Amino acid sequence: MCQVSKFALVDNNLLLFYACKLDMQSPGHHHSILSFLVPVCVFITSTLFVGYYNIFLVIVALFLWFFETVVQDRDHKYLTRAVEEAYKGVECGDGRPFGAVVVRNDEVVVSCHNMVLKNTDPTAHAEVTAIREACAKLNRIELSDCEMYASCEPCPMCFGAIYLSRLKRVVYGAKAEAAIAVGFDNFIADALGGTAYYQKAHLEIKRADGEGADIAEQVFEKTKKKFSMY
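All values reported here derive from a predicted model rather than from experimental measurement. Residue numbers here run from 1 along each chain, matching the order of that chain's written sequence. Only residues with pLDDT of 70 or above have their local features reported here, since the model is predicted, and side-chain atom pairs are shown and tallied only from 80 upward, although totals for entire chains, interfaces and linings are computed over all residues. To obtain the side-chain values, all non-hydrogen atoms of the structure were included, while hydrogens and water were left out.

## A short note on the pattern of salt bridges
Stage number 1. Salt bridge, as used here, is a side-chain nitrogen of Lys or Arg placed within 4 Å of a carboxyl oxygen of Asp or Glu. Applying the stated criterion to the full structure yields 12 salt bridges.
Stage number 2. A salt bridge links lysine 206 to aspartate 75, with the shortest nitrogen-to-oxygen separation between them at 3.8 Å. Residue lysine 206 is found in strand 7 (residues 204-207), and its partner aspartate 75 is found in helix 1 (residues 34-91); the two are separated by 131 residues along the sequence.
Stage number 3. Burial here depends on accessible area, computed with a 1.4 Å probe over protein chains only, as a share of the maximum for the residue type. Under 20% is buried, over 50% is exposed, and the range in between is partly exposed. Relative accessible area serves as the criterion here: at 4%, aspartate 75 is assigned to the buried category. Numbering of helices and strands starts at the N terminus; helices are DSSP runs of H or I of at least 4 residues and strands are runs of E of at least 2.

As structure tokens, this is what we get:
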């Protein structure tokens, strides 16, 4: 008589399948062909299942890798634009080395830089300027379908403007400490209390992955002799 029992096969993941075990109840009997075929069939079936399962896992992993790569490339593209704006603002004497870009449906709405010197306005940070110009261009006061790319971690004032404008996503390059290292007030980092503090239900905030963040942090070292703090 043939009895069926369950065993667990661990193949990186816990995969449960049925294995067969023959238990001959009467002594001295001969094994039938069934005693050979059943375990072999179960082994082949389970092996094929595990094989297809692993193939499925590989396909999922490749898809996730591809999706992450596309997102990183996209983020790098627009963050690079923001970094270019940061250099541009210093070179033309408009302000300090900060840039911001507002993107909607994979199209740049506005590309701006810090304008505090040109406008004689201490609130004309790159992010605030970008929000003002984007709202004017789109003729509305909320940007819920837009993203922002900032060359540096926004200050509390800029985060306030970001929140009020309802931007759905913010990607920044350099951390606030990079700006502090060249002379900017450390109250910015202290007031931030961690960027996660500003994470809201409708707003995703993240630091750029890969070399984008490194490129953004180099802005301060490369421009620190070209602008004055006050």
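Next comes the rest of the write-up.
## Some words on the nonpolar core
Stage number 1. Judged by nonpolar contacts, the single largest core of 39 residues is most densely connected at Val102, Ile131, Met148, Ile162 and Phe220.
Stage number 2. The element contributing the most residues to this core is helix 2 (residues 126-138), with 6 residues.
Stage number 3. Whether two residues are in contact is decided by their heavy atoms: any pair within 4.5 Å suffices. Those residues in contact with phenylalanine 220 that sit more than four places away from it in its chain are Pro97, Phe98, Cys152, Ala174, Ala178, Ala179, Val182 and Phe184. Joining through side-chain atoms within 4.5 Å is the link that ties buried Ala, Val, Leu, Ile, Met, Phe, Trp, Tyr and Cys residues into a set, and such a set is a nonpolar core.

## Description of the confidence of the model for the chain
Stage number 1. Scored between 0 and 100, pLDDT is the confidence that the predictor attaches to each residue. For the chain, per-residue confidence averages 76 on the pLDDT scale, and residues scoring 70 or more make up 60% of the total.
Stage number 2. Considering only residues more than four positions removed or in separate chains, one finds that residues 1-32, a stretch of pLDDT under 50, has 39 contacts.

## Side note on the packing of aromatic side chains
Stage number 1. Any Phe, Tyr or Trp ring, taking Trp's six-membered ring, that has another such ring centre within 6.5 Å forms a pair; planes under 30 degrees apart are called stacked, those over 60 apart edge-to-face, and the others tilted. Summed over all chains, the structure comprises 2 aromatic pairs.
Stage number 2. With a centroid separation of 5.4 Å and an interplanar angle of 40°, the aromatic rings of tyrosine 78 and tyrosine 149 are classed as tilted. In this pair, tyrosine 78 sits in helix 1 while tyrosine 149 sits in strand 5 (residues 146-152), placing the two residues 71 residues apart along the sequence. Comparing tyrosine 78 with tyrosine 149, the two get one shared label, buried.
Stage number 3. Between the aromatic rings of phenylalanine 98 and phenylalanine 220, the centroid separation amounts to 5.4 Å while the plane-to-plane angle is 65°, which identifies the pairing as edge-to-face. Taken together, the residues span a long stretch of sequence, with phenylalanine 98 in the loop between helix 1 and strand 3 (99-104) and phenylalanine 220 in helix 6 (residues 211-223) at a distance of 122 residues. Of the two residues examined, phenylalanine 98 and phenylalanine 220, each falls in the buried class.

## Some remarks on the side chain of glutamate 147
Stage number 1. Relative to the assigned elements, glutamate 147 resides in strand 5.
Stage number 2. Judged by relative accessible area, glutamate 147 falls into the buried class, the value being 8%.
Stage number 3. For glutamate 147, the side chain forms a polar contact with the side chain of arginine 169, separated by 2.9 Å.
Stage number 4. Each residue touching glutamate 147, except ones within four places of it in the same chain, is listed here: Arg74, Val101, Val102, Val103, Leu167, Lys168 and Arg169. Polar contact criterion, stated in full: a pair of N or O atoms within 3.5 Å, where within protein one must be able to donate a hydrogen and the other to accept it, and residues adjacent in sequence count only if both atoms are side-chain atoms.

## Considering the pairing of strand 5
Stage number 1. Strand 5 sits mainly inside the fold: 7 of its 7 residues count as buried.
Stage number 2. Pairing of strand 5 with strand 6 (residues 169-174), which is carried by 5 bridges, proceeds in the parallel orientation. Its bridge partner lying in strand 6, tyrosine 149 is registered against valine 171. At least two bridges found by DSSP between two strands is the condition for calling them paired.

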